[in-house]
Amino acid sequence: MADRLTEYRRRRDARRTPEPVPAKAPEPGQGDVFVIQQHHARRLHWDLRLERDGVLVSWAVPRGLPRDPARNHLAVHTEDHPMEYADFHGEIPAGEYGAGRMTIYDKGTYTTEKWRDNEVIVVLHGQQASGRYVLFQTRGKDWMIHRMDGPPPGWSPMPERVEPMQPTGATKLPPDDDAWGFELWWPGERAIAYIEGGQLRLDAEGYPKLRGLGEALAPTECVLDGVVVGFDAAGRVRPPDPDNHHYLAVDLLWLDGVPTVELPYERRRELLAGLAVAGPYWQTPPYFAGGGEFALAASADQGAPGILAKRLDSPYLSGRRTRRWLRVRG
Ligand code: MN
C-alpha cells in the first residue's frame, strides 16, 4: 500500500545504500525537528528537511540557506524522507541515487508559522541556521527560500569586489626583521577568490581546475587573496596555463560574514591556516615571521624572483600600495 515514503523507497535499494529505508508506513506525529545536510552529490547542495506528520518534508538548496534577506535562493522540493534520516550521515555509493558524501550541517527544532501546499513559513532554532524563513513555490518542484528576519547578528554580506593591496618595491630587506612576515614572491596571476554557497568566483579566467575549491571549503564562505601559478616537474614555479595551475592562498579578507581586513596580517594568516586550503590544485604556502634572509634563499630554490615582506601588524589596505608591504628582489 502506498504511503508517504513510497517515492523514497522506490528510489533506493536498502542492500546498496547505507541510508535508512524503513519498510513500515510512517506514524504521524507532532514533532518539530529540522535538519540540514550538506550533500556532496553530483552537484553540492544542502538538504533542508522539516518534520511534518511523521516524515521529513525536504528541499534541496543548491546555495544553502540565505543569510542575506535581499537574496532568495532556489529550493527544489524533493521526496519526503523518513524520520530516521535526520541522523543520517555517510557515503552513498557511486551509482546509487544521490551518490556522494552527506554530513549533518545543523539539526534542531523549528516553529511553524504557516504551512500550505505552496508556502511554508518557519522559524529555525539551530546552531548554524536560525531565524524566520519562508519557502514558496514558484513552478512545479521549484521553490524559493527567503530569509524574513534581518541578517544574523554580526553578519555582513560578502563584498562584491575587493581591490588587492599592493607592495612597494624595495632594494633591501627591512632592518627590523622580527616585525615582518616574509612570503615568496609568487610570479603568476594575482586573483581574489570569492567563495559562497560552495561556489567559487575568481578574479581571473581560464583555470578550470580551481572550480572545486568552493566545494572543498564548504560550508565555509570566505574571500581569499592569492596568486595563480604553475609548477614544473621539479616543483619550481612557472607561469600558469590552462593545464597547469594552482591557487596559492596568501590572505583572508572576509570569513563567514565577518570582514577580516582590519585584523593584523599575523592574525589573518592564523585564520587562513585554520581553513586548511590544501588540495590537489590549491595550497596555502607558509610565511616566515622574521627570517628575511632565509626567505630570500627559499625563493631562489623555488624559482621565485624574490620575496614579499609584510608587516605582521598591518591591516589589509584594499587597493593601496604602501610600505607596509615591500617587494624585494632576490
Ligand atoms: Mn540531497
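Here we summarise the structure given alongside this text. (Residues numbered from 1 in each chain as written. Predicted model: local features only at pLDDT ≥ 70, side-chain atom pairs only at ≥ 80, totals over all residues. Heavy atoms only, no water.)

Structural notes on the overall build of the protein chain
And then number 1: When its secondary structure is counted, the protein chain shows 4 helices and 21 strands.
And then number 2: Counting only C-alpha atoms and orienting by the principal axes, one finds that the protein chain spans roughly 80 × 40 × 30 Å.
And then number 3: When burial is assessed residue by residue, the protein chain has 48% of its 330 residues classed as buried.
And then number 4: Counting contacts in the protein chain only where the partners sit at least 6 residues apart, residues at least 24 apart contribute 62% of the total. (Helix = DSSP H or I, 4+ residues; strand = E, 2+ residues; numbered from the N terminus. Buried < 20%, exposed > 50% of the residue type's maximum accessible area, 1.4 Å probe, protein only. Contact = heavy atoms within 4.5 Å.)

Focus on the nonpolar core
And then number 1: Counting residues in hydrophobic clusters, the biggest one holds 32 residues, and the most contacted among them are L48, L50, W59, L65, L124 and L135.
And then number 2: Ranked by the residues each element gives to this core, the list is headed by strand β3 (residues 55-61), at 5 residues.
And then number 3: What W59 contacts, discounting residues up to four positions off in sequence, is W46, D47, L48, L50, A75, V76, H77, T78, W115, V120, L135 and W143.
And then number 4: Counting residues in hydrophobic clusters, the runner-up holds 20 residues, among them A193, Y207, L213 and L224. (Core = buried A, V, L, I, M, F, W, Y, C linked by side-chain atoms within 4.5 Å.)

Focus on the coordination of the manganese ion
And then number 1: Bound to the manganese ion on the protein side are H39 (ND1), H45 (NE2) and D47 (OD), at distances that span 2.1 to 2.3 Å.
And then number 2: Taken in sequence order, the residues that donate to the manganese ion follow the motif H-x5-H-x1-D. (Donors = N, O, S within 2.8 Å, 3.2 Å for Na, K, Ca; no water.)

Some words on the sheet that holds strand β20 (residues 306-311)
And then number 1: With mixed pairing, 5 strands are arranged side by side in an open sheet as β10-β21-β20-β11-β19. Strands at the two margins of the open sheet, each flanked by one partner only, are β10 (166-170) and β19 (288-289).
And then number 2: By the bridge criterion, 2 bridges tie strand β11 (residues 180-184) to β19 in an arrangement that is antiparallel. Bridged to G181 within β19 is A289.
And then number 3: Seen against the sheet, helix α3 (residues 265-275) touches β11, β20 and β21 (321-329) and runs at an angle of roughly 50 degrees to β11. (Pairing = 2+ DSSP bridges. Axes fitted to C-alpha atoms, helices over the stretch in contact; angles between N-to-C directions.)

Re the pairing of strand β1 (residues 33-40)
And then number 1: For β1, a buried count of 7 out of 8 residues is recorded, marking the element as mostly surrounded by other parts of the structure.
And then number 2: Pairing between β1 and strand β6 (residues 100-115): 8 bridges, direction antiparallel. Pairing of I36 across the sheet is with D106, part of β6.
And then number 3: One ladder, built from 7 bridges, connects β1 with strand β2 (residues 44-52); its direction is antiparallel.

Re the packing of aromatic side chains
And then number 1: In this structure the tally under the stated criterion is 7 aromatic pairs.
And then number 2: Aromatic side chains Y316 and W325 sit 5.7 Å apart centroid to centroid with 75 degrees between the ring planes, which places their arrangement in the edge-to-face category. Exposure class is identical for Y316 and W325. Each is buried.
And then number 3: Linked through ring pairs, Y8, Y85 and F88 together constitute an aromatic cluster.
And then number 4: When the ring centre of Y194 is taken as origin, the NZ or CZ atom of R201, which lies over that ring, is 4.1 Å away.
And then number 5: For R311, the ring lying beneath its charged end belongs to W180, and the centroid distance is 5.5 Å. (Phe/Tyr/Trp six-rings, centres within 6.5 Å; stacked < 30°, edge-to-face > 60°. Lys NZ or Arg CZ within 6 Å of the ring centre and 35° of its normal.)

A word on α3
And then number 1: Restricting attention to buried positions, one finds in α3 the residues Y265, R268, R269, L272 and L275. Buried residues of α3, viewed axially, fall in a sector of 105 degrees; they line one side. Exposed and facing more than 90 degrees away from the buried side of α3 are E270, A273 and G274.
And then number 2: Packed against the buried residues of α3 are β11, α2 (213-217), β14 (222-231), β16 (246-255), β20 and β21.
And then number 3: Of the residues one or two after α3, A276 is the one with positive phi, at around 50 degrees. (Arc of directions from axis to C-beta.)

Let's talk about unusual backbone geometry
And then number 1: With an omega of 10 degrees, the peptide bond running from A218 to P219 counts as cis.
And then number 2: Phi is positive for D256, which is not a glycine, with a value near 45 degrees.
And then number 3: A positive phi angle is found at A276, which is not glycine, with a value near 50 degrees.
And then number 4: By relative accessible area, A276 is classed as exposed at 51%.

Digging into the side chain of E19
And then number 1: Assignment of secondary structure puts E19 in the loop between α1 (6-10) and β1.
And then number 2: Engagement of the side chain of E19 in a polar contact is seen with the side chain of Y85, the distance being 2.5 Å.
And then number 3: When near neighbours in sequence (up to four residues on either side) are disregarded, E19 contacts Y8, R12, Y85, F88, I92 and Y97. (Polar contact = N/O pair within 3.5 Å; in protein donor to acceptor, adjacent residues only side chain to side chain.)

As for helix α4 (residues 292-302)
And then number 1: Turning to α4, its buried residues are G292, A295, L296, A298 and S299. Along the long axis of α4, the arc covered by the buried residues comes to 165 degrees, so they all point the same way. Of the exposed residues in α4, the ones pointing more than 90 degrees away from its buried face are E293, F294 and D301.
And then number 2: The inward-facing, buried residues of α4 contact β11, β19, β20 and β21.
And then number 3: G303, located one to two residues past α4, shows a positive phi value of around 80 degrees.

From the geometry alone we can't say anything about function, so treat these as descriptive.
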